[in-house]
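Summary of the model geometry
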Amino acid sequence: MRPQDRSHDDRKTLQAQAEDRMLDTGLAELLGAETVPDLATSILRQHDRRQALKAGPEPKRVASGQSLHFLGSMAAALLVSLTLLFLLRPQPELQAAELRIRILHGEITLFSRAGDSGSMRLGPGFHVLLIRPGDRVSTDSLGSLITFEDWGQIQLGPQSVLEFKTMETLTMNGKTIASSLLLGVITGTATWFGLNETSVNAAGSTIEVGFQEKEAALVANYEKRERKLLEENQRLNKKILELQNQRVRTEVTKTEAKPSSDEPVAMTVAKPVFSTQEYAEALEKVDWEAMGTTMKDMLPLLDQLMREWEETGSPSIELAGKIQALNGALLQQLPALKDGGIPGSGPNGIFTHPLVVSNQVNAFLKAAGIPLDERQIARLKALSKGYSTEDEVQRLSSAKDELKLAAVLAETDVKDRFYEDLRSVLSKEQIQKLYPDALEGLTSGDLFSTGLVWAQYAKRVKASGPAQFQERISGSISRSLRLESAQQKKLDGIVSEWAREFPSSIWKHKAGFHESNQRFRVQDVRRNAKRQMAFMRRLVRDLDLTPEQRKRLLNSQAVFMPVSTK
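Remember, predicted model here, so these are calculated numbers, not experimental data. (Residues numbered from 1 in each chain as written. Predicted model: local features only at pLDDT ≥ 70, side-chain atom pairs only at ≥ 80, totals over all residues. Heavy atoms only, no water.)

1. Comments concerning the overall build of the protein chain
Of regular secondary structure, the protein chain possesses 19 helices and 14 strands. Within the protein chain, buried positions represent 50% of all 566 residues. Long-range contacts, defined as pairs at least 24 residues apart, comprise 73% of the intrachain contacts of the protein chain with a sequence gap of at least 6. Surface summary for the protein chain: the accessible area is close to 27500 Å², and the carbon and sulfur share equals 51%. (Helix = DSSP H or I, 4+ residues; strand = E, 2+ residues; numbered from the N terminus. Buried < 20%, exposed > 50% of the residue type's maximum accessible area, 1.4 Å probe, protein only. Contact = heavy atoms within 4.5 Å. Areas by Shrake-Rupley, 256 points an atom, 1.4 Å probe, with all protein chains shown as cover.)

2. A closer look at the pairing of strand 13 (residues 458-463)
By the criterion of burial, strand 13 is predominantly enclosed, with 5 of the 6 residues buried. Both strand 13 and strand 14 (residues 559-564) contribute to a ladder of 6 bridges, which runs parallel. Bridging across to strand 14, Arg-460 finds its partner in Met-561. (Pairing = 2+ DSSP bridges.)

3. Regarding the pattern of salt bridges
Taken as a whole, this structure holds 22 salt bridges when the rule is applied. Its salt-bridge partner being Glu-281, residue Lys-285 comes within 3.8 Å of it at the nearest N-O pair. Here Lys-285 falls in the exposed class, since its relative accessible area comes to 53%. Between Arg-527 and Asp-524 there is a salt bridge; the shortest N-O distance is 2.4 Å. In this pair, Arg-527 and Asp-524 are both assigned in helix 18 (residues 522-542), 3 residues apart and thus about one turn of the helix distant. (Salt bridge = Lys/Arg side-chain N within 4 Å of Asp/Glu carboxyl O.)

4. Some thoughts on the packing of aromatic side chains
Going through the model one piece at a time under the given rule, you end up with 11 aromatic pairs. Taken together, a centroid distance of 4.0 Å and an interplanar angle of 10° make the contact between Trp-498 and Phe-535 stacked. Placement of Trp-498 in helix 15 (residues 485-500) and of Phe-535 in helix 18 is noted, with a sequence separation of 37 residues between them. By relative accessible area, Trp-498 is classed as buried at 2%. Taken together, the ring pairs in this structure connect Phe-469, Trp-498, Phe-502, Trp-507 and Phe-535 into an aromatic cluster. If you follow Arg-423 out to its NZ or CZ, it ends over the ring of Tyr-435, 4.3 Å from the centre. Geometry around Trp-309 places Arg-519 over its ring, the cationic atom sitting 4.8 Å from the centre. (Phe/Tyr/Trp six-rings, centres within 6.5 Å; stacked < 30°, edge-to-face > 60°. Lys NZ or Arg CZ within 6 Å of the ring centre and 35° of its normal.)

5. Some points on the side chain of Thr-294
Take Thr-294: it is sitting in helix 5 (residues 288-312). For Thr-294, a relative accessible area of 12% corresponds to the buried category. Look past the residues within four positions of Thr-294 in its chain and what remains in contact with it is Leu-326, Ala-329 and Leu-330.

6. Quick look at unusual backbone geometry
As a rule of thumb, non-glycine residues mostly have phi less than zero, and peptide bonds are mostly trans rather than cis. Backbone geometry places Gln-159, a non-glycine residue, at a positive phi of 55°. Its location among the elements puts Gln-159 in the loop between strand 7 (152-156) and strand 8 (161-172). We classify Gln-159 as partly exposed; its relative accessible area is 21%. Positioned with a positive phi, Asp-544 is a non-glycine residue whose angle comes to about 50°.

7. Points about the packing of helix 5 against helix 6 (residues 317-331)
One can describe the packing of helix 5 onto helix 6 by two numbers: an axis separation of 9 Å at closest approach and a directional angle of 150°. Here helix 5 is positioned roughly antiparallel relative to helix 6, judged by the angle of their axes. The two elements helix 5 and helix 6 cross, and the hand of that crossing is left-handed. Counting all contacts with helix 5, which are made through Met-291, Thr-294, Met-295, Asp-297, Met-298, Leu-301, Leu-302, Gln-304, Leu-305 and Glu-308, the residues of helix 6 involved are Leu-319, Ala-320, Lys-322, Ile-323, Leu-326, Asn-327, Ala-329 and Leu-330. (Axes fitted to C-alpha atoms, helices over the stretch in contact; angles between N-to-C directions. Parallel < 35°, antiparallel > 145°, perpendicular 65-115°, else oblique. Left-handed = near helix turned anticlockwise from the far one by under 90°.)

8. Quick word on the packing of helix 5 against helix 9 (residues 354-367)
In contact at an axis separation of 7 Å, helix 5 and helix 9 are set at 70° when each is read in the N-to-C sense. Classified by the angle their axes make, helix 5 and helix 9 are roughly perpendicular. Considering how the two elements wind past one another, helix 5 and helix 9 form a crossing that is right-handed. Contacts between helix 5 and helix 9 involve Trp-288, Met-291, Gly-292, Thr-293, Met-295, Lys-296 and Leu-299 on the former and, on the latter, Val-356, Asn-359, Gln-360, Ala-363, Phe-364 and Ala-367. Its residues assigned to classes, the contact of helix 5 with helix 9 comprises 8 nonpolar, 4 polar and 1 charged. (Nonpolar A, V, L, I, M, F, W, Y, C, P; charged D, E, K, R; others polar.)

9. Re the confidence of the model for the protein chain
Per-residue pLDDT for the protein chain averages 76, and the proportion of residues at 70 or more is 69%. Taking the mean pLDDT of every element in the protein chain, the minimum, 24, falls on strand 2 (residues 82-84) and the maximum, 96, on helix 9. Note on residues 57-77: pLDDT is under 50 here. Beyond four places in sequence and across chains, it has 85 contacts. Low pLDDT, under 50, characterises residues 79-93; the stretch is placed with 82 contacts to residues that sit more than four places away or in other chains. (pLDDT = per-residue confidence, 0-100.)

10. Quick look at the environment of Arg-307
Looking at the secondary structure, you find Arg-307 in helix 5. The class of Arg-307 is partly exposed, set by a relative accessible area of 39%. Separated by 130 residues in the primary sequence, Arg-307 and Asp-437 place their C-alpha atoms 9.8 Å from one another. In contact with Arg-307, other than residues within four places in its own chain, are Asp-437 and Ala-438.

11. Quick notes on the side chain of Arg-526
The topology assignment puts Arg-526 in helix 18. Under the relative-accessibility criterion, Arg-526 is labelled buried at 13%. Side-chain polar atoms of Arg-526 contact the backbone oxygen of Leu-409, separated by 3.5 Å. A polar contact is formed between the side chain of Arg-526 and the side chain of Thr-412, at a distance of 2.6 Å. Aside from chain neighbours lying at most four places away, what touches Arg-526 is Leu-409, Thr-412, Asp-413, Asp-416 and Trp-454. (Polar contact = N/O pair within 3.5 Å; in protein donor to acceptor, adjacent residues only side chain to side chain.)

12. Re the environment of Leu-380
Turning to its location among the elements, Leu-380 is positioned in helix 10 (residues 374-398). Placed 44 residues apart in sequence, Leu-380 and Ser-424 show a C-alpha to C-alpha distance of 10.0 Å. Beyond its immediate stretch of four places on either side in the chain, Leu-380 contacts Phe-274, Ser-358, Leu-372, Phe-418 and Leu-422.

13. Observations regarding helix 5
Look at helix 5: 36 Å from first C-alpha to last across 25 residues, which is about the 36 Å you get at 1.5 Å a residue. After helix 5 finishes, the residue Gly-313 shows a positive phi value of roughly 90°. (Expected span 1.5 Å × (residues − 1).)

Here is the structure:
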C-alpha cells in the first residue's frame, strides 16, 4: 500500500506506534542492554576477536532472542549524532538468504531479527548480506543511497528504518539467495527507483522488489558475477603485493644511499610529548602526527556541515562522507590505546583521557601551524599527568557505587576540569582553532570536551509535555520489567515525580535544531544524569526488583533527554 492510499489518521497511528517501539527499546537499554554498537565498538570487537584467536579457539555463542537497537551517528564513535531504538521480538528461526547490495552514499546498520549476530554497520562499497524476514536496516541522520543488484536503487531518508518482511529464495551453487523481497518502511521515507517504476514510500507502506528475469537467466548472471568478483579480488591482491614490494625496494634504496657508519642506523619514531610510565607503551603505538592532521582536517568540515545543515534543513552527503572517512582513520588508533590499558567509559572515554587529549591537541596545533611553545608544553605536561592520576583515583572511588552512571558522572567531572585548565594554557588563536562556534559544547561535534563521552549515552525522548513523558517512560519500563499491578502503581508515582523535576520551559516550545537531531549541551546532559541517578535509585529501592532486574538497572548508563514535540 502506498502513502496516498492510506488515510491521514492511519499514518498518524503508525507513526505513534513506531515512536512507542523506539522508546520501548531505549528503555530496554536503560534496564540493562549494553551501550548500542557503533563503528568504534565494531573495530574493538573485531580487534578483540583477533586477539582471542591468537590465544585459542573462540567459544561458541548460543543465539537468543533479545532487544536489538540502533545507534545512527553522523561520524561514528567520536561524533555520535542520533539514536533510533527498535524492539525486535524473538521469532522462530528462519533460513538466511544472500543479498548483494552496493552502498553509494551514507551508511546503514543491519540488525539481525534473532539477535544471534547483533548489529553490523556498513559504509560505502559492495556488501554481501545474509538476511532473514524480520531483519532491519537503519540509516543515521544523513540517509543512504543503496543499489540492490539487478533490481534497482533505493534512497533511504535520514533516520529511516526498513524491514525485510517476506522473501522468496533460490538455491544456486549451494547458496541460498533472495530472489524477491517485500520491504516495509517502519519509519522515515524510502524512494524506490526500480527497473519499471519509481515510488515514494513513507512509514507504513511497503515496497516489492525482485528479479525481472527467468530463473535460468538469473543463474547465468549470478555465476557471471561470481567469476567477475573473483577476478577483481585476484587483481586487487596482486596490486597490493606489487605496492608492498615497491615500498620495500624504496626503503632499501634509501638505506643504501646513506653514508656508511660504524653505528647501526636506528629508525626514528615520533614519541608522544605527554606520557607517563604506566601508559607509555600504549601512547607510543599511536601515530600522533597522523591523528593531529586528521583532526585538523575534520574539524572545519564538521563546522561547515553543522552550519549548512542548520541553514538548509538537510545535511550535505558529500561533507558527511568526507567526515566519515577521516573519523574512520582516527578510530583505527583505538585498539592500541585500549590494549595499553588507557581507561574510559566506552570508546570516547578512551579518546578523552587527559594524556590522549594532550597529545591530540599538540599534534593538531602543530599541523595547523600554531604549535604549542615550550612554556605551554611544560604546563600541559603537569596538567595531563596530574589529571591522569586524579582520573585513576576517581575510578577506584567510583567502584564503590553500584550505579555505572555515577562512574560516568565522576569521570566527566574530572575531565571537565581538565578541559577548562587546558583552555587556560592556550592562546586565543589556538582556542578558536580547536573550538569552532557551531560545535562548541555539543555532545556531537565538539572534539575537545566531555560531549564526546555523553554523546554515547544521551537518548532523546519525544513528548508533548510532562504527562506524555511520564506515560511513555512508565509504560515502557513496566513492559520491559513485566511489573505486577502493585509495582506498577509505585512506578507511576516515581516517574511522575521525576517528570516534574524537568524545567517547564522544555515543554513550552518545539525543540530546536540541535535537540531535534540528537545533539545536546553538555551541561544539560550532566544535569539530567544527576536527576536520573536519584530516579534510578528509587526504582531499585522501591520496586522490589528481582536480582537480575536490579543488576540490569544498575548497569545502565543511558541518560534520557526530554524533547518537546510542540
